[in-house]
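Each chain is listed here by its residues.
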Amino acid sequence: MKDGYHPESCPSVEEIAVILETGFGLSNRRDALVLENHLVDWLSGCVTCRQRLETLQRWQDEVGHPNPVVVVEERNRARELWRELEDFPAERLTEQLEERHFFWAMCSLLVEKSKEALAYSPARSVTLAHAAVSLTVFLDPEYYSPPLLADLRARAWAYLGNAQRVAGDLEASEKSLRDAMVFVSRGTGATLTRGTVADLLGSLRVDQRRLTEAVQSLQQAADLYDRADRPDLVGKVHLLLGNVADLNQDPSQAIFHLTKAQQLIDEEDHAYLFANCQHNLLHALIKAGHYEEAELRLPLVERLWRKIGHYRNLLRLRWSEGHIRRQLGDSHAALNIYREVSARFERDRSYYDMALVELDIAELLAGCNRYPELAEAADRAYRILEQHSVHAEALRALLLLGEAARAETATVNMIRTLIELFSSRKGMALGRSPLISEP
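Residues numbered from 1 in each chain as written. Predicted model: local features only at pLDDT ≥ 70, side-chain atom pairs only at ≥ 80, totals over all residues. Heavy atoms only, no water.

### Brief notes about the packing of helix α15 (residues 271–287) against helix α17 (residues 311–327)
The interhelical angle for the contact between α15 and α17, taken along N-to-C directions, is 20 degrees, at an axis separation of 10 Å. When the axis of α15 is compared with that of α17, the two are roughly parallel. Like other packed secondary-structure pairs, α15 and α17 cross with a definite hand, here left-handed. From α15, Tyr-272, His-279, Leu-282 and Ile-286 reach across to α17, where they touch Asn-313, Arg-316, Leu-317, Ser-320, His-323 and Ile-324. (Axes fitted to C-alpha atoms, helices over the stretch in contact; angles between N-to-C directions. Helix = DSSP H or I, 4+ residues; strand = E, 2+ residues; numbered from the N terminus. Parallel < 35°, antiparallel > 145°, perpendicular 65-115°, else oblique. Left-handed = near helix turned anticlockwise from the far one by under 90°. Contact = heavy atoms within 4.5 Å.)

Below you can see the structure in the form of structure tokens.
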């Protein structure tokens, strides 16, 4: 290939892949990088070639295999096969897999679809991740290479563990993530793969309330993501570290991490994460006593959730607004907001969230010595939760609260203890409206 030479017609994406494969096949990594950089410079000199090169690079990110020929041969085929699978219910999807599905890009695509399904169906996410893990058993190590295949298996097991965590099966999640770490030790040592496993392990440790280990794992993930030049993922980890700080009752540290996260997460590329970060930062400001600053942020966070169309998080934001109004001295407005939010949670059948709001109402009423209304709020929460098999210990606590209110002996501290009990049962941040969490 001569410098400055360009063929009469631009090479296709497939042809560019063949050109770049020459560098992939070199055993000397330094020579491969020199050749690859030369080829990229050559292709970038033409607008059409540059666009096709960018398409190939995007496909490589999707498929997760370094050989561009493998990518172009498998990427579109995987998507065609997925169109045949996507409408099957979760319980029937795995039985549809056949030998024609046994290739790298199909497994990688199932992992991506599992990640997407977390937003609407953790059970389906688990099924898709299980399918991806199953496929890795049938992939040819001679064709894909054992270290690269170990990397793929590590990612598949890690995302299976994450799906199991979100679905509430922490024991299964622990086992899957341990398997992922075994495959990491057999892989290429890829920084991004190691960062992903450390990240998802950190999320599990948070749910297990093993917070010291969670911080260690998440900090390791942040370092690895930084080395992989992925500031968006570093930002996501800081978001999780902010949530851990909140669980540790350290709002100042939560504000530090969430401020860092908002600087690293791009709103256009990661709208949900950015909104999540801003909401949790508002929550941390309330807990730190910065009520005026939190109030100023309300319109920003509302705009973000409205843009995404996330009704439930708008409702949680309204809950936070009740806390702000209360702390700024407007108890009447706070009480009206709490009652509105409680009624909406009840309509949505979010009974545990409804109970937490009722406890906020109870705390406010206790502070004003409005005992008859307090007894009514406790009795109401008890009646509704009793119908939905809520933990017996929590029900007994509500019953005692109602009795204390009728005897006019209920105190704010008693109610705060109940709020802590309910929040820890649900696995949320202790205290005020629960943090928005990213699976």
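### Structural notes on the packing of α15 against helix α16 (residues 291–308)
In the contact formed by α15 and α16, the axes pass within 9 Å of each other and the chain directions differ by 160 degrees. The angle between α15 and α16 places the two elements in the roughly antiparallel class. Where α15 crosses over α16, the handedness of that crossing is left-handed. Of the residues in α16, those in contact with Ala-271, Tyr-272, Phe-274, Ala-275, Asn-276, Gln-278, His-279, Leu-281, Leu-282, Leu-285 and Ile-286 of α15 are Tyr-291, Glu-293, Ala-294, Arg-297, Leu-298, Leu-300, Val-301, Leu-304, Trp-305 and Ile-308. The residue inventory of the contact of α15 with α16, partitioned by class, reads 16 nonpolar, three polar and two charged. (Nonpolar A, V, L, I, M, F, W, Y, C, P; charged D, E, K, R; others polar.)

### A few points about α17
For α17, which comprises 17 residues, the first-to-last C-alpha distance of 25 Å matches the rise-based estimate of 24 Å (1.5 Å per residue) to within 8%. Summarising burial for α17: 13 of the 17 residues are buried, a large majority. Of the residues flanking the end of α17, it is Gly-329, one or two places downstream, whose phi is positive at about 95 degrees. (Expected span 1.5 Å × (residues − 1). Buried < 20%, exposed > 50% of the residue type's maximum accessible area, 1.4 Å probe, protein only.)

### A word on the side chain of Arg-325
Positionally, Arg-325 belongs in helix α17. Of note is the side chain of Arg-325, whose polar atom sits 2.7 Å from the side chain of Glu-295. (Polar contact = N/O pair within 3.5 Å; in protein donor to acceptor, adjacent residues only side chain to side chain.)

Function cannot be inferred from these measures alone, as they are strictly geometric.
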